[in-house]
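Observations on the model geometry
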Amino acid sequence: MAIDSLVLGAGQQVGKSCVVVSMNGKRIMFDCGMDMAYHDHRRYPDFSRISNSGDFDSALTCIVITHFHLDHIGALPYFTEVCGYSGPIYMTYPTKALAPLMLEDYRKVMVERRGEEEQFTSEHIVECMKKVIAVDLKQTVHVDKDLWIRAYYAGHVLGAAMFYAKVGDTAMVYTGDYNMTPDRHLGAAQIDRLQLDLLISESTYATTIRDSKYGREREFLKAVHKCVAGGGKVLIPTFALGRAQELCILLEDYWERMNLKIPIYFSSGLTMQANMYYKMLISWTSQKVKETYSTHNAFDFKHVLNFDRSMIAAPGPCVLFATPGWLSGGFSLEVFKHWAPSEMNLVTLPGYCAAGTIGHKLMSGKPTKIDLDKNTQLDVRCQIHQLSFSPHTDAKGIMDLVKFLSPKHVILVHGEKPKMATLKGRIHSELGIPCDDPANNETVSISSTHYVKARASDTFIHSSLNPNFKFSKSISEDESGSCLKDRRFMPQLQVTDERTAEGILIEEKNKKAKILHQDELLLMLGEKKHEVRFAYCCPINVSNLEETKSTSDNVLCTSDRCSWLQLLNNKLSGEISGGNIQDFGEHLQVESFDISVCLNDKCPYRIIDTQNKSEAVFFCCTWSVADEKLAWKIISIMDNFDCESH
Amino acid sequence: MLKGYNFLGQSINTGIRLSIAVLDFPKRQPVQWVPVVINNRCIVSKRYTFVLTEGGSHIQRQAQFQQLGLVNILAVARESDQYLQWQNFIPMKFTCLSRGGGFHFPPCHMVNVSGFRILFDCPMDLSALSIFSPVPTGFDAEVDVKVSDFQDSSSSSSESVARKRQKINKPLDVNDLIYAVPWYKTVNNLHLWNVSFIDIVLISSPMGMLGLPFLTRMKGFSAKIYVTEVTARLGQLMMEELVSMHMEFRQFYGPEGSSFPQWMSWEELELLPSALREVVLGKDRTELGAWVPLYSAADVTDCTQKVQTLRYAEETCYNGTLIIKAFSSGLEIGTCNWTINGPKRDVAFISNSIFLPAHAMKFDYRSLQSNDIVLYSDFSSLDAMENVEDDDGFSIPTTDSMSTLSTDNNNNWEELVESLLYTDDSLEEQEKLSYLCYCAIDSLKVGGSVLIPINRLGTLLQLLEQISASLESSTLKVPIYVISSIAEELLAYTNVIPEWLCKERQEKLFSGEPLFSHVELIKDKKLHVFPAVHSPKLLTNWQEPCIVFAPHWSLRLGPVVHFLRRWCGDPNSLLVLESTLDAELALLPFKPMAMKVLQCSFLSGIKLQKVQPLLKILQPKIVLLPEDLRQQTRFTNANSFSVIHYSEIASIRIPSLKDNSEVEISTDLALQFQWRNLKHENMTVTRLKGELSVYHGKQRLLSGSEQAKSSKIRPLLHWGSPDLEKLLNILSNIGINGSVEQCMGNGESEKACIVHVHEPKKALIEIGTSTIISAGDENLASKIFEAIDKVLEGI
């Protein structure tokens, strides 16, 4: 059986994450994102590759969304309401709560401000969210009889999760975006050690190694403080969720410590509303933040006020969070137009802005003039601070996760092509795990684990758990020499316990395969055992046999017999390594191989004519087929053995 | 004999010293310690090598092992303090330690699954607190007298003893109560067990956690404790509250001595009125040992650090063998039922459960399906029955409605049953709450106050919403106070756990509203939360009439005592009590009571008529039911499961359902199989050799290290009787010829014969009930064997 991963988005690029994985007859879509850099059909994944007929309900078992960012969920309302998918959709509680805000915010920007044709309506978002089943972390969710999924904390944004999916014996993890180091308001990603056939990981920072985030946070705070202390205004363009709350927690904390009274504004009611969600979802934040919920909920921002349009031109310093991010239009751009010409003011921008946005233009170089559109140009004299903290894991984190999970195969998505190639090489060479970085619309096929199920009898289980001790004498190298001197010299006993499960597997038509212990088989079949053994009466030349015979009156007495065996025993102990020779007085035994002195001159097993019968002592050997090799080895030793009596 | 064992399934690195404790079963006491060094890195569950540092030959040592008649061996890694168990095939056993009593005192059981001892819940009986007097108030001169009176009598003045003796049969008097720092009544039968032998503790509710610090502070306790995240938090809060309320007694009576308190001496106990004595000693007068002094705040902290928290439907694996999961039971926020899946046992444990609660996530019974054994531990319907005896307001539930259902066999059957399960319990509960609010408003209207002891979290949360709504509609401006050391945190906490709530509350999250309306009430200053009666802000804020929620429901501890003393003489005021409480005894210290008392009961489990439909859906093979339910439930013969009734302390051995367990065989091992067809109808067999490992509760056969060494696998076991002619034919085909000598077997009727082989070399084949091949060289012997193999059946 195979796992087929069709990468519909985020293949060798960042944007519109969407991977469709087929395993053991189930088909799961992980994420359904959009690419913000495009405004044509390219913004959505090419859904026609999932099903030509457009019958997505039968083509997909379920959709799993990792977090509320648009490049992971942006295409979902389009896919469910326009394309018509109506099957189950899974996401965590915070994602389900926050995604509609994110989608609605985006829709408004697109339609009302940019005047684009509507891709989906508000009703579409509402209807789409009705299909969503919320899941808790680590909760084992049975999608259907065979497929179950489980979310693990990913730490990227509130509610971000990695998803584990299992069908039969085949299992995989899709990480979505994750962060391996805790930050101020979110914890680090956490996952169990799982047995995986496939790991699909993001690779935004495939080659970067980042130091602590605290330094960069301090830089941001210093820049803000310097600006407001100088009477300037700080504009922080953000999307409604995630970054706004993270930065606001930073600022609140800083304001408290520095006893600052300068107002912090939120541009729209929307973000204030989002804080309400954050308050209820505080258990999804970092340990430090959630411990304080009872005395003071960290998302109960004390210094934050609502901003009114009339305040844009008001004098005095302030900090303003305004939507949308990237200065892609709307209110944040409007404020920017007013504040950009003054060098007292400050604009902060995230590490990544979609191409074509004002934010993107500001970041590339240090322009003093910006073309807002064909007719208007804007003087930009304000300072620009680039936020360099991003809640993605760095290369070390990715390597750590891959190493921790040790999957049989890795697929990288959500990164830049050349960097991904480097990381792919590292995973392959350092960890020895095959790795792929498919481009969009490519399919990667790998083999999957499968176990054969059988019922096993108790006797079989008992026998396989039975210790299988093997003993050999050795002096342990762990012990120091002095230690040995202190005690009497005592050879240590080396005991090995290599257990093997040996049994018989039976298959009958229309019945489940069954494992029995060997002894149970005949009982079940109602048959009688027919033992097949080998026998061989082996002569050993004895040079001074006559002498012995004379003293003991031609009859070998019991003690003599024993002494012959004793001689043989000594010889064999020297020659056979690791074998346990058991001495039962009258006979020796090695596994099933049995040796005794043969006094029957007409022993039928004296197959070989010996020239000199008088000078030989005969040893009768029998064994079963299991020890065939061992038996012939012992016989060859005996053949070459020249017995020197006494 | 040495039996199988299983070392946690973890890899142990080089050089770790182990000591194998050889234990004498069943006493489980170490007889002898055998130090062992593991000297190569290995996965212990599969294979390991160790060195015995003591002398003596292996045979001697083996003999010693055998002499001890070991059934159970424990290996303990001393340095890492790892507890490794030689696992055994121990039959499943169930022992009910206590049937509990009501919502606040859940049942307690001990179950042995796959050799692991699991304790279900560790509650304590707080209703027994009623034998103690609440803390006497300094302002109350009368009470002062009582205390001194009591102290006199304790100095064994013969006169007072005589006086007391007379009282035994009289109606209870406030002076009969015990004036001392209270002790607490735990599960008596739990003390009969050695706590160090408990492997796992599963806590289903905060109430089931209250006795846990008694266990965790005991020496030798090392069990893994599993509890849901919310239960752990709520349980911790309840324990902390209990400790802080108990402090008031300590302050009044002074620190407790280490000795037994006076009231526990037999002389004093003999003098107790029979009603109180029964509470102390139990019906069979054996429960004195159950009384213990309360744990400290440090014990609580220590206890909460020892628990491992889970979310609903989170999978956790104990010792690589048992998969344990918690599923919502609906009783309270965070309460749960359990499933335990081992290689041979699938067990579901059902605690008190509510199908459609108004606050917590609903009873997730579907996740309990497909378990062979159901341990049914919901005694609530029995408690309800007991109440029915003295209350005419309820009708006795009948199972008649079921008889029609059980004969119904159509496809909609399950839907039908489900609709029955979801009948309007919640509506009924809603009506009770509305009635309660109605009574409260009535009292407020005439200038009385309303005192509601905090009983259940769910009731508190709903009452806050309902009463404030009623106040709103009645245009009364009356403040609501919640006075408890943990109230602020409790109320804040309930608003940050949407994942644990019912669908309706979760919808509030998705629409951005607070989960419970108390958030808004506090903001609007309609609800006031204070940690204690003497909080300065409370004194400035205080306003009567008012509604007060305060602990503790036993009416012996906490702020509620103060308010009850304040209002007990006011005929306009109202006290709301849970009906399971013995009101006569509970209100004794506050007599004469002019205050109105409203006793009401809320649903605290599965109703009797729903037991059978529920079990039908769960489809177990064996159900364990409380003995007391035997009379109440008549199970029709149509049931596919067998029922075992249990009663307190009697251990029940649960019959094994499968004599075989599931094993997964890895593909690479399966590829090595060499199938043989048998003469038996359509049967194919193959020998298999691998390594058995247990991973995450699953037994797996993996290809061992010595795989594929011998490419030619010879059958080792033969049966049938050889056809001589056929054998000779086969032999001659491969160039082996000889002559046949018939001879009689050793007196047996079976014919035996000898084949003397001349060509290519001399050899001999003896054929009878068994076959002996004798040849001078390996090759020939092997060829003959192959020929024999062809005329016999073998594997």
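All of these numbers come straight from a predicted model, not from anything done at the bench.

Of the regular secondary structure elements, chain A holds 19 helices and 32 strands. The burial tally for chain A puts 57% of its 646 residues in the buried class. A separation of at least 24 residues holds for 71% of the contacts in chain A among residues at least 6 apart in sequence. When the accessible area of chain A is evaluated, it comes to approximately 27300 Å², of which 50% is carbon and sulfur surface.

Take the nonpolar core next. By size, the foremost hydrophobic cluster in this structure holds 352 residues, and its most contacted members are A:Phe336, B:Trp263, B:Leu375 and B:Phe549. Sorting elements by how many residues they give to this core places helix H4 (residues 93-113) of chain A first, with ten residues. There are two domains that each give this core at least three residues, and those are domain 1 (93-136 + 171-376) and domain 2 (424-599) of chain B. Each residue touching B:Phe549, except ones within four places of it in the same chain, is listed here: B:Ile452, B:Ile454, B:Leu460, B:Leu463, B:Leu464, B:Ile467, B:Ile480, B:Tyr481, B:Val482 and B:Ile483.

Let us now look at the interface of chain B and chain A. Across the boundary between the two partners, chain B contributes 111 residues, which contact 95 residues of chain A. Contact between chain B and chain A buries roughly 9200 Å² in total, counting both sides, with carbon and sulfur atoms accounting for 57%. The interface formed by chain B and chain A holds five salt bridges in total. We note a salt bridge from B:Glu664 to A:Lys453, for which the minimum N-O separation is 3.8 Å. Inspection of the chain B/chain A interface yields 29 residue pairs in polar contact (both at pLDDT 80 or more). The leading source of residues in the side of chain B that touches chain A is strand S33 (residues 683-695) of chain B, at eleven residues. When grouped by side-chain class, the residues that make up the side of chain B that touches chain A number 48 nonpolar, 33 polar and 30 charged. Where strand S23 (residues 451-457) of chain A meets strand S31 (residues 660-666) of chain B, seven bridges bridge the pair, whose relative direction is antiparallel. Counterpart to A:Val452 in the pairing with S31(B) is B:Ile665.

The subject of this paragraph is the side chain of B:Asn112. Residue and element names in this part refer to chain B. Position of Asn 112 relative to the elements: it lies in strand S9 (residues 108-113). For Asn 112, a relative accessible area of 10% gives the class buried. Separated by 3.4 Å, the side chain of Asn 112 and the backbone nitrogen of Phe 116 make a polar contact.

This part covers the packing of helix H12 (residues 395-405) of chain A against helix H13 (residues 417-431) of chain A. Residues and elements named next belong to chain A. Close contact between H12 and H13 brings their axes to 11 Å; oriented N to C, the two are set at 40 degrees. On the basis of their axis angle, the class for H12 and H13 is oblique. Crossing geometry of H12 relative to H13 is assigned as right-handed. Note on element contacts: H13 touches H12 through Leu 423, Arg 426, Ile 427, Glu 430 and Leu 431, opposite Ala 395, Ile 398, Met 399, Val 402 and Lys 403. Its residues assigned to classes, the contact of H12 with H13 shows seven nonpolar, no polar and three charged.

The next subject is the pattern of salt bridges. Think of it this way: side chains of opposite charge can pair up when their charged atoms draw near. All names here are of chain A. Under the criterion given, the structure shown has 47 salt bridges over all chains. A salt bridge links Lys 396 to Asp 400, with the nearest nitrogen and oxygen atoms 3.0 Å apart. Placement of both Lys 396 and Asp 400 in helix H12 is noted, with a separation of four residues, approximately one turn of the helix. Residue class for Lys 396 comes out partly exposed when judged on its relative accessible area of 47%. Between Arg 426 and Glu 430 there is a salt bridge, and its shortest N-O distance comes to 3.0 Å. One end of the pair is Arg 426 and the other is Glu 430, both in helix H13 and four residues apart, which spans about a single turn. Arg 426 sits in the partly exposed class, given a relative accessible area of 28%. Sharing partners across several salt bridges, the network here consists of Lys 26, Asp 144, Lys 145 and Asp 146.

What follows covers the environment of A:Pro315. Structurally, the position occupied by A:Pro315 is in the loop between strand S14 (304-306) and strand S15 (318-322). Of the residues examined, A:Pro315 reaches a relative accessible area of 77% and is grouped as exposed.

Before going further, it helps to spend a moment on the sheet that holds S9(B). Residue and element names in this part refer to chain B. With mixed pairing, the seven strands of this open sheet are ordered in space as S16-S14-S13-S10-S9-S8-S30. The open sheet has two edge strands with one neighbour each: strand S16 (307-310) and strand S30 (651-653). Direction aside, neighbouring strands of the sheet carry axes that sit 20 degrees apart on average. Inspection of the sheet shows strand S8 (residues 93-98) paired to S30 by three bridges, in the antiparallel sense. By the bridge assignment for S30, Phe 94 is matched with Ile 652. Relative to strand S14 (residues 224-228), helix H5 (residues 229-253) is tilted by about 95 degrees, and along the sheet it contacts strand S13 (200-203), S14 and S16. Packing against the sheet, helix H8 (residues 297-306) makes contact with S14 and S16, and its axis sits at approximately 55 degrees to S16.

The next subject is the packing of aromatic side chains. According to the stated counting rule, one finds 41 aromatic pairs over all chains in the structure shown. Taking the centre distance of 5.5 Å and the plane angle of 15 degrees together, the rings of A:Phe79 and A:Tyr85 count as stacked. In terms of burial, A:Phe79 and A:Tyr85 fall into one category: buried. Geometry around A:Phe618 places A:Arg606 over its ring, the cationic atom sitting 3.7 Å from the centre. Here the basic side chain of B:Arg311 rests over the ring of A:Trp284, its NZ or CZ set 5.8 Å away from the ring centre.

Under the domain assignment used here, chain B contains domain 1 (93-136 + 171-376), domain 2 (424-599) and domain 3 (718-794). A straight line from the C-alpha centre of domain 2 of chain B to that of domain 3 of chain B covers 94 Å.

Residue and element names in this part refer to chain B. Omega for the bond connecting Pro 551 with His 552 falls within 30 degrees of zero, at 10 degrees, which places this linkage in the cis form. Positionally, His 552 belongs in the loop between strand S25 (547-550) and helix H18 (560-567). The omega torsion of the bond from Lys 591 to Pro 592 falls at 0 degrees, within 30 degrees of zero and hence cis. Not every positive phi belongs to a glycine, and Leu 555 is a case in point at roughly 60 degrees. With respect to the helices, strands and loops of the structure, Leu 555 is situated in the loop between S25 and H18. A residue is classified by how much of its surface remains accessible, and Leu 555, at 0% relative accessible area, is buried.

All names here are of chain B. With respect to the helices and strands, Ile 350 occurs in strand S20 (residues 346-350). Residues Ile 350 and Trp 263, 87 residues apart in the sequence, show an inter-C-alpha distance of 38 Å. Once you skip the residues sitting within four places of it in the chain, Ile 350 turns out to touch Asn 337, Phe 363, Leu 368, Val 374, Leu 375, Tyr 376, Ser 377, Asp 378, Ile 606, Leu 614 and Leu 618.

Attention now moves to helix H16 (residues 518-525) of chain A. Of the positions making up H16(A), those classed as buried are A:Leu521, A:Leu522 and A:Leu525. Seen along its axis, H16(A) keeps its buried residues to an arc of 85 degrees; they face one direction. Turned more than 90 degrees from where H16(A) packs its buried face, A:Asp519 and A:Leu523 sit exposed. On its buried side, H16(A) packs onto strand S26 (501-508) and strand S27 (514-516) of chain A together with S33 and strand S35 (718-719) of chain B.

As a further point, take the packing of helix H12 (residues 425-445) of chain B against helix H13 (residues 457-474) of chain B. Two quantities define a packed helix pair, namely the angle between the axes and the distance from one axis to the other. Residues and elements named next belong to chain B. The interhelical angle for the contact between H12 and H13, taken along N-to-C directions, is 50 degrees, at an axis separation of 9 Å. Considering their axes alone, H12 and H13 lie oblique with respect to each other. Handedness of the crossing formed by H12 with H13: right-handed. Taking contact as the criterion, the partners of Gln 430, Leu 433, Ser 434, Leu 436, Cys 437, Ile 441 and Leu 444 in H12 are, on H13, Thr 459, Gln 462, Leu 463, Gln 466, Ile 467, Ser 470, Leu 471 and Ser 474.

Attention now goes to empty space enclosed by the protein. Residue and element names in this part refer to chain B. Summed over all chains, the structure comprises eleven cavities of 30 Å³ or more. Lining the largest cavity are 28 residues, and of these Met 238, Glu 241, Ile 454, Asn 455 and Leu 457 sit closest to its centre. Looking at the lining of the largest cavity, the elements with two or more residues in it are H5, H13 and helix H14 (487-494). Ranked by residue count, the leading element in the lining of the largest cavity is H5, at six residues.

Let us now look at the pairing of strand S11 (residues 198-202) of chain A. Two faces, one strand: in a regular strand the side chains alternate between the faces of the sheet. Residues and elements named next belong to chain A. Buried residues dominate S11, accounting for five of its five residues. Of the two faces of S11, the one lined by Leu 198, Ile 200 and Glu 202 and the one lined by Leu 199 and Ser 201 are each fully buried. Two strands pair when backbone bridges link them, and strand S10 (residues 170-174) and S11 are joined in this way by three bridges, in the parallel orientation. Considered in S11, the bridge of Tyr 174 is made with Ile 200. Where S11 meets strand S20 (residues 410-413), four bridges bridge the pair, whose relative direction is parallel. Bridging across to S20, Leu 199 finds its partner in Val 410.

The rules we used
- Residues numbered from 1 in each chain as written.
- Chains lettered and ligands numbered in written order.
- Predicted model: local features only at pLDDT ≥ 70, side-chain atom pairs only at ≥ 80, totals over all residues.
- Heavy atoms only, no water.
- Helix = DSSP H or I, 4+ residues; strand = E, 2+ residues; numbered from the N terminus.
- Buried < 20%, exposed > 50% of the residue type's maximum accessible area, 1.4 Å probe, protein only.
- Contact = heavy atoms within 4.5 Å.
- Areas by Shrake-Rupley, 256 points an atom, 1.4 Å probe, with all protein chains shown as cover.
- Core = buried A, V, L, I, M, F, W, Y, C linked by side-chain atoms within 4.5 Å.
- Domains from an automatic or database assignment.
- Buried area = accessible area lost by both parts, 1.4 Å probe.
- Salt bridge = Lys/Arg side-chain N within 4 Å of Asp/Glu carboxyl O.
- Polar contact = N/O pair within 3.5 Å; in protein donor to acceptor, adjacent residues only side chain to side chain.
- Nonpolar A, V, L, I, M, F, W, Y, C, P; charged D, E, K, R; others polar.
- Pairing = 2+ DSSP bridges.
- Axes fitted to C-alpha atoms, helices over the stretch in contact; angles between N-to-C directions.
- Parallel < 35°, antiparallel > 145°, perpendicular 65-115°, else oblique.
- Left-handed = near helix turned anticlockwise from the far one by under 90°.
- Phe/Tyr/Trp six-rings, centres within 6.5 Å; stacked < 30°, edge-to-face > 60°.
- Lys NZ or Arg CZ within 6 Å of the ring centre and 35° of its normal.
- Arc of directions from axis to C-beta.
- 1 Å grid on protein atoms, 1.4 Å probe; cavity = no way out; pocket = protein on both sides within 12 Å on 5 of 7 lines; lining within 4 Å.
- Points joined across faces, edges and corners; volume = space filled by probe spheres on them.

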